[in-house]
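# A structural walkthrough
Spelled out, the chains give:
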Amino acid sequence: VQLVESGGGLVQPGDSLRLSCVASGFTFSSYGMSWYRQAPGKERELVAAITSAGVATDYVDSVKGRFTISRDNAKNTVYLQMNSLKPEDTAVYYCSTYIFVFNKRYWGQGTQVTVSS
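The structure presented is a predicted model; accordingly, all values stated were derived computationally and were not measured. (Residues numbered from 1 in each chain as written. Predicted model: local features only at pLDDT ≥ 70, side-chain atom pairs only at ≥ 80, totals over all residues. Heavy atoms only, no water.)

## A closer look at the overall build of the chain
Going by this rule: A run of H or I in DSSP counts as a helix once it spans at least four residues, and a run of E counts as a strand once it spans at least two, with each numbered from the N terminus. Exposed residues in this analysis have more than 50% of their type's maximum accessible area, buried residues have under 20%, and partly exposed residues fall in between, with area computed by a 1.4 Å probe over protein chains only.
Within the chain one finds zero helices and 11 strands. Secondary structure elements of the chain, listed N to C terminal, follow the sequence β-β-β-β-β-β-β-β-β-β-β. Oriented by its inertia axes, the alpha-carbon framework of the chain measures out at about 45 × 30 × 25 Å. Classification of the 117 residues of the chain by burial places 39% in the buried group.

Written as structure tokens, this is what we have:
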């Protein structure tokens, strides 16, 4: 199982970014996917999640209305569109999935998002 994130960077407050995560090594279309983030000195938190078919999504309250999670099962890719970014969104963002047959959660290497003026 491999998860590779991209799309992070340094942006100003109010800007947008789209993160991508390309998955391999498992049947992508069969598993829900999630984005987590970890800010310096804080615990890792779940930001957004999407079901295997993309029918249902869920978000942490702090990003509702600003972030959108989506997926393209033909491309084995999950996205996180982040709009109206705030300094408190600064963190390393991780793509993740739980593979039940292995009873294990997998993580990407993370991509840094920094929101600063």
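## Re the environment of Asn-103
Condition: Polar contact is defined as a pair of N or O atoms within 3.5 Å, subject to the rule that within protein one atom must be able to donate a hydrogen and the other to accept it, and that residues adjacent in sequence are counted only when both atoms are side-chain atoms.
Relative to the helices and strands, Asn-103 resides in the loop between strand E9 (91–99) and strand E10 (104–107). Among the polar contacts listed, one links the side chain of Asn-103 to the side chain of Tyr-98, at a separation of 2.5 Å.

## Some thoughts on the nonpolar core
So the rule is basically this: We call a set of buried Ala, Val, Leu, Ile, Met, Phe, Trp, Tyr and Cys residues a nonpolar core when their side-chain atoms join them within 4.5 Å. Any pair of residues with heavy atoms lying within 4.5 Å of one another is described as a contacting pair.
Counting 30 residues, the largest nonpolar core has Trp-35, Val-78, Leu-80, Met-82 and Tyr-93 as the members making the most contacts within it. At the level of secondary structure, the elements contributing two or more residues to this core comprise strand E3 (17–24), strand E4 (33–38), strand E5 (45–50), strand E7 (67–72), strand E8 (77–82), E9 and strand E11 (111–115). Those residues within four positions of Val-78 in sequence are excluded, and the remaining contacts are Leu-19, Ser-20, Cys-21, Phe-28, Met-33, Trp-35, Ile-50, Ile-69, Ser-70, Arg-71 and Cys-95.

## What to know about the pairing of E10
The condition is simple: Note on pairing: DSSP must find at least two bridges between two strands before they are called paired.
Summarising the sheet, E9 and E10 pair through four bridges and their orientation is antiparallel. Bridging from a neighbouring strand, Ser-96 pairs with Trp-107 of E10. Remark: four residues form the turn of the hairpin made by E9 and E10, two consecutive strands paired antiparallel; Asn-103 in that turn has positive phi of roughly 50°.

## What to know about the sheet that holds strand E1 (residues 2–6)
Defined as follows: Between N-to-C directions, angles span 0 to 180 degrees; the directions come from axes that are lines fitted to C-alpha atoms, helices contributing only their stretch in contact.
Spatial ordering of the open sheet is given by E1-E3-E8-E7, a layout of four strands whose pairing is antiparallel. Only two strands of the sheet have a single neighbouring strand rather than two, namely E1 and E7. For this sheet, the mean inter-axis angle between neighbouring strands, taken without regard to orientation, is 15°. As paired strands, E3 and E8 are joined by six bridges and run antiparallel to one another. Opposite Val-22, over in E8, you have Thr-77 as the bridge partner.

## Quick look at the pattern of salt bridges
Condition: The term salt bridge refers to a side-chain nitrogen of Lys or Arg lying within 4 Å of a carboxyl oxygen of Asp or Glu.
A complete count under the given rule lists four salt bridges for this structure. With its nearest N and O atoms 2.7 Å apart, the salt bridge here joins Glu-45 to Arg-37. Glu-45 sits in the partly exposed class, given a relative accessible area of 28%. Looking at Arg-37, the relative accessible area reads 6%, which means it is buried. Of the charged contacts in the structure, one is a salt bridge between Lys-64 and Asp-61, with a shortest N-O distance of 3.1 Å. On the accessibility criterion, Lys-64 (47% relative accessible area) is partly exposed. Judged by relative accessible area, which is 60%, Asp-61 ranks as exposed.

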